[in-house]
Amino acid sequence: MIDKSYRRNFAKKITEPVIPLDVLEKKNKEKSWEYMYYEAYDVVVISKDGTIGDIYEIEGLKIAIPATPDPSEIRFSEFPQNDQKWKRFNVPKDLSNFAELYKTKDAEKNLDTMNKLLIKYKKFILEDIERIQKGMWQMIDGEPIWISGGYYFLLQHIYLTNANTYAFFRFTQRDYYYWLEACYADQRSYGSLMLKSRRIFFSTVGGAELIRDAIQTNNALYPILSKEKTDARELFKDYISDAVAKLPIHLTPKIDEKTKGLDFIRFFDRENDRGRNSRIKVYPNTINAYDGRRVKISLNDELGKFKKTDVNIWWRGYHKRCHEVGANIVGKCIAGGTAGTLSEGGQAYETFYKESKINTRGENGRTSTGLYAIFIPADFGLAQFYDEFGYTIYYTPKQPVRNEKGEWVTIGSFDFLNMEERACKSDFFLMLQKINMPRNEDDAFMNYEEMMFDKGRIQANINFINEKAKTPEFLNRVQKYDLIWKDGIPDTEVIHVPNPNGRFLFSWIPPKEYRNKYIVRNGHKKPVNEFMGSLGADTYDVRKVTYGNGSKGAVVGITKPVGEGFPTSTIFMAYLYRPEKEDIFYDDVIKVCRFLSMPILPENNKKGLIKKMVERGYRGYLLTRPDKTPKELSQEEIDFGGMPSSDKTIFLQETAMETYVNTYIDNPESINNAKCLLLPVLEDIKNYLPKNRTTKDLTIATMFAIMANNKIVRQPIREMYNNNVKDYLSIFQTSIHEN
């Protein structure tokens, strides 16, 4: 017998009786169960055929699905058990490819053709619509499984443009749809609030639900909101407009072309420009975004990252009322979000979430917020850990199991995440792992703001510097310089001039024979000392700061962890300055790159520096973001290089910094083996927190330098200086220049 003990589902099937058997049998025979909450049995019925069968428990909510029908009514019941897997129904090409096959500029002709097709495929269309509204039964690996109407619509009709495929059937998603359906059916509930983990299916499901309801409903509003309007627009494009464009013609209402765009779509009836009038619209994240509007279903994403608004006030004071008329709940909310840092919405979100827990319901049967909170542990949400039938590969299987993509899996998600946690080398790394892959609610609400980097290690290094700061050895090693162009001619040789008030602080400088070198490859100047180290830059625009307390331009240099002839993994250079003119900063950056002959990875949220460097012929010195493969780069990233600071990349930057601190920063034995002798850099890193990030320019520059050093490069220098130029050319097919 094939081992299936590795399987575990999120929803728990209740085995003990919930409803008296005589009541159950009587009402099933009458088909009189209604789509609602039954207080007498504390169960929500989500069946729409008047019967109930299995009852599941999710987050303390008991949910009754339809009774299992006769095998003749269950799809694939005649198939061998191993072939009983989800498969999309074949949609006639006339319906799925209508625009390609038939559409003309003649609207009347299009309508006539479509009406003929609707008659031709009437049986398929009616059955499809019934499945969308009531759900369907299918055999999955020997078990009859009820798929709700919403989940059927997602599986059958929502093309995932980001993945270029339709969705796989997964029991975790099936369970979430049971939960959503229960939130709709329960007359006490305003909707669902999901505490998200990374890469969970919230946006996909939320978008599909808005579309499913909007194409069937007249005169309804479906607002979309996220932490920023740009995020809501991205959600709208990926999960609404792109998905609608792929619907078969029998499910696609007429779209008002005037509203088709970044943040608004209106559906009309095919017969005329009236009727239907359903609108899916993006709203800005303000305290009263869609306040005063009556809502059918709202989709509210990233509620845990509201920086300007307390989510509790946003919901209770304004938007909750959009879902009710008097004491009656008339609209439903699909809400969710990962928890932001405590200072940026996380603390308010934690309160909001906990007051949405079902076990906090009051006398009126409602939670404090009216929403029902749900959390799905990361163990149930890892894409690689669903078997070919859709079950979670939770426990480690006794023998390898094929996942949904046909790959062999030898470990369960539970053990995999345990291993990931054990591999974390510090408490901070473990915290980041748990925040990104939460397995319980406490993980999801962990706050890393006060645990950024190991302050003990940093302070030990600072104490060492303070002890040595006045010794001749230290004073000879750590000095300030100005960098100037020889004879004042830009883009030639750079000279370093000692100056107690200089803008560049060095603890090490490459030997003279390594300075001011560059090669020309494919017509572009490129540095030759990339094997030695890299620079990182936090840029700024003078026009966007306030003099006296604004951001500064910062550059930090770090050597590579492996090599000869230079101190490895060492923060050896720092620049922190805000000149009156931004061109002075740009020129300083170019000079230090040219002087050290090292590449630089700048933050490119502000484009001034990278554009100036490209303009002056230094594109070869600009590194391209290391977190993307070449195929993933945009044309602008290819043309200009650099890396942006965003939620995703900031996490990578902070992780890289934590690794560096834990590996290299501590109380050194001597000046010679100290990895950082630059006090301003260490002080800046020690005081860094996500909430004060914009004031920690040296730390940001350091993060970028660390990430730049993660790029693996060849080491041509030894060949270059041990052989003549001809030999060097034979190796790299480039030319070398002295200045």
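Residues numbered from 1 in each chain as written. Predicted model: local features only at pLDDT ≥ 70, side-chain atom pairs only at ≥ 80, totals over all residues. Heavy atoms only, no water.

*Asks:* What exactly am I supposed to notice about the overall build of the chain here?
*Replies:* A count of helical and extended segments in the chain gives 24 helices and 31 strands. Principal axes of the C-alpha set define a box for the chain whose edges measure 95 × 60 × 60 Å. Taking all 739 residues of the chain together, the buried fraction comes to 55%. Taking the contacts inside the chain whose residues are at least 6 apart along the sequence as the reference set, 66% of them involve residues at least 24 apart. Of the accessible surface of the chain, which amounts to about 33,600 Å², a share of 49% is contributed by carbon and sulfur atoms. (Helix = DSSP H or I, 4+ residues; strand = E, 2+ residues; numbered from the N terminus. Buried < 20%, exposed > 50% of the residue type's maximum accessible area, 1.4 Å probe, protein only. Contact = heavy atoms within 4.5 Å. Areas by Shrake-Rupley, 256 points an atom, 1.4 Å probe, with all protein chains shown as cover.)

*Asks:* Hey, could you run me through the confidence of the model for the chain in this one?
*Replies:* In low-pLDDT regions, the fine details of the predicted coordinates are not to be read closely. Model confidence for the chain is summarised by a mean pLDDT of 89, while 92% of its residues fall at 70 or above. Of the regions scoring below 50 in pLDDT, residues 544-549 engages in ten contacts with residues more than four places distant in sequence or in other chains. Overall, residues 712-736 carries pLDDT values under 50, and its contacts beyond four positions in sequence, including any with other chains, amount to 39 contacts. (pLDDT = per-residue confidence, 0-100.)

*Asks:* Sorry, what's going on with the pattern of salt bridges here?
*Replies:* Inspection of every chain in the model, using the stated rule, returns 44 salt bridges. The residue Lys-48 makes a salt bridge to Glu-181 at a minimum N-O spacing of 3.7 Å. Taken as a pair, Lys-48 in the loop between strand E3 (43-45) and strand E4 (55-58) and Glu-181 in helix H7 (residues 171-185) lie far apart in primary sequence, 133 residues in all. Since its relative accessible area comes to 35%, Lys-48 is described here as partly exposed. A salt bridge links Glu-421 to Arg-439, with the shortest nitrogen-to-oxygen separation between them at 3.5 Å. With Glu-421 in helix H12 (residues 413-422) and Arg-439 in the loop between helix H13 (427-436) and helix H14 (441-444), this residue pair connects regions lying 18 residues apart in the sequence. Like Glu-421, the residue Arg-439 is buried in the burial classification. Salt bridges here are not isolated pairs; linked through shared partners, they connect Asp-491, Arg-503, Asp-587, Asp-588, Lys-591 and Arg-616. (Salt bridge = Lys/Arg side-chain N within 4 Å of Asp/Glu carboxyl O.)

*Asks:* In this structure, what is going on with the packing of helix H6 (residues 149-157) against helix H8 (residues 202-214)? I would like to understand it.
*Replies:* Between two packed helices, the angle of one axis relative to the other and the distance separating the axes together describe the packing. Where H6 meets H8, the axes come as close as 10 Å, and the angle between the chain directions of the two elements is 105 degrees. Between H6 and H8, the crossing angle belongs to the class labelled roughly perpendicular. Across the interface between the two elements, Gly-149, Gly-150, Phe-153 and Leu-154 of H6 pack against Thr-204, Val-205, Ala-208, Glu-209, Ile-211 and Arg-212 of H8. Class assignment of the residues belonging to the contact of H6 with H8 gives a composition of five nonpolar, three polar and two charged. (Axes fitted to C-alpha atoms, helices over the stretch in contact; angles between N-to-C directions. Parallel < 35°, antiparallel > 145°, perpendicular 65-115°, else oblique. Nonpolar A, V, L, I, M, F, W, Y, C, P; charged D, E, K, R; others polar.)

*Asks:* Which parts of the structure should I look at to understand the sheet that holds strand E27 (residues 533-538)?
*Replies:* Strand pairing in a sheet takes place through backbone hydrogen bonds and is either antiparallel or parallel in direction. Across the sheet, seven strands lie side by side as E23-E22-E24-E29-E28-E27-E30; this open sheet has mixed pairing. Strand pairing shows two members of the sheet lacking a second neighbour, strand E23 (494-498) and strand E30 (600-602), which therefore form its edges. Averaged over all neighbouring strand pairs, the angle between strand axes comes to 25 degrees, with direction disregarded. For strand E22 (residues 479-485) and E23, the ladder comprises five bridges, and the chain directions are antiparallel. What sits directly across from Trp-485, in E23, is Val-494. Strands E27, strand E28 (553-559), strand E29 (571-577) and E30 of the sheet are contacted by helix H22 (residues 697-709), whose axis makes an angle of about 145 degrees with E27. (Pairing = 2+ DSSP bridges.)

*Asks:* What am I meant to see in the sheet that holds strand E18 (residues 332-337) here?
*Replies:* The eight strands are arranged E12-E13-E14-E11-E15-E18-E10-E19 in an open sheet whose pairing can be described as mixed. Of all strands in the sheet, those with a lone pairing partner are strand E12 (254-255) and strand E19 (371-375), marking the two edges. Of the pairings in the sheet, the one linking strand E15 (residues 297-300) to E18 comprises four bridges and is parallel in character. Paired with Asn-300 across the two strands is Ala-335, which belongs to E18. Packed onto the sheet, H7 meets strand E10 (191-195), E15, E18 and E19 and runs at close to 145 degrees relative to E10.

*Asks:* Looking at this model, I keep getting lost on the environment of Lys-581. Mind explaining?
*Replies:* Mapping Lys-581 onto the fold places it in the loop between E29 and helix H17 (582-596). Take Lys-581: its relative accessible area is 59%, and that puts it in the exposed class. Residues Lys-581 and Ser-47, spaced 534 residues apart in sequence, show a C-alpha to C-alpha distance of 68 Å.

*Asks:* So what exactly am I meant to see when it comes to helix H1 (residues 21-30) here?
*Replies:* At 3.6 residues per turn, the α-helix brings residues three or four places apart onto the same side. Within H1, the full set of buried residues consists of Leu-24, Lys-27 and Asn-28. Relative to the axis of H1, the buried residues are bounded by an arc of 105 degrees and lie together on one face. Every exposed residue of H1 that faces more than 90 degrees away from the buried side is listed here: Asp-22, Lys-26 and Lys-29. Check the buried side of H1 and you find it contacts strand E2 (37-38). Lys-31, located one to two residues past H1, shows a positive phi value of around 50 degrees. (Arc of directions from axis to C-beta.)

*Asks:* Can you help me understand H17 in this one?
*Replies:* Taking 1.5 Å of rise per residue, 15 residues should cover 21 Å, and H17 covers 22 Å from first to last C-alpha, within 8% of that figure. Within H17, 13 of the 15 residues are buried, which leaves it mostly tucked inside the rest of the structure. Just beyond H17, the residue with positive phi is Ser-597, at close to 55 degrees. (Expected span 1.5 Å × (residues − 1).)

*Asks:* Quick question: what am I supposed to make of the packing of aromatic side chains here?
*Replies:* Note on aromatic pairs: each is described by the distance of the centres and the angle between the planes. A complete count under the given rule lists 38 aromatic pairs for this structure. An angle of 80 degrees between the planes, with centres 5.0 Å apart, marks the rings of Phe-169 and Phe-171 as edge-to-face. Overall, Phe-169 belongs to the buried group, its relative accessible area being 6%. Here the aromatic cluster, defined as three or more aromatic residues joined through ring pairs, consists of Tyr-190, Tyr-283, Tyr-290, Phe-306, Trp-314 and Trp-315. Across from the ring centre of Trp-86, 5.3 Å away, lies the NZ or CZ of Arg-75, which sits over that ring. Its guanidinium or amino end placed over the ring of Tyr-618, Lys-525 lies 5.3 Å from that ring's centre, counting from NZ or CZ. (Phe/Tyr/Trp six-rings, centres within 6.5 Å; stacked < 30°, edge-to-face > 60°. Lys NZ or Arg CZ within 6 Å of the ring centre and 35° of its normal.)

*Asks:* What should I look at first to understand the environment of Gly-304 in this one?
*Replies:* Mapped onto the elements, Gly-304 comes out in the loop between E15 and helix H10 (311-318). In this structure the C-alpha to C-alpha distance between Gly-304 and Gln-347, which are 43 residues apart in sequence, comes to 8.2 Å. Contacts of Gly-304, omitting those with residues within four sequence positions, involve Thr-338, Ala-339, Gly-340, Glu-344, Gly-345, Gly-346 and Tyr-349.

*Asks:* What exactly am I supposed to notice about the nonpolar core here?
*Replies:* The tendency in soluble globular proteins is for nonpolar side chains to be buried side by side. Counting residues in hydrophobic clusters, the biggest one holds 86 residues, and the most contacted among them are Ile-46, Phe-169, Tyr-176, Trp-179, Ile-211, Ile-224 and Ile-280. Not counting chain neighbours up to four residues away, the residues in contact with Tyr-176 comprise Ser-192, Met-194, Phe-201, Phe-202, Val-205, Ile-334, Ile-374 and Ile-376. Grouped together as the second largest cluster of nonpolar side chains are 44 residues, Val-478, Ala-554, Leu-677 and Met-703 included. (Core = buried A, V, L, I, M, F, W, Y, C linked by side-chain atoms within 4.5 Å.)

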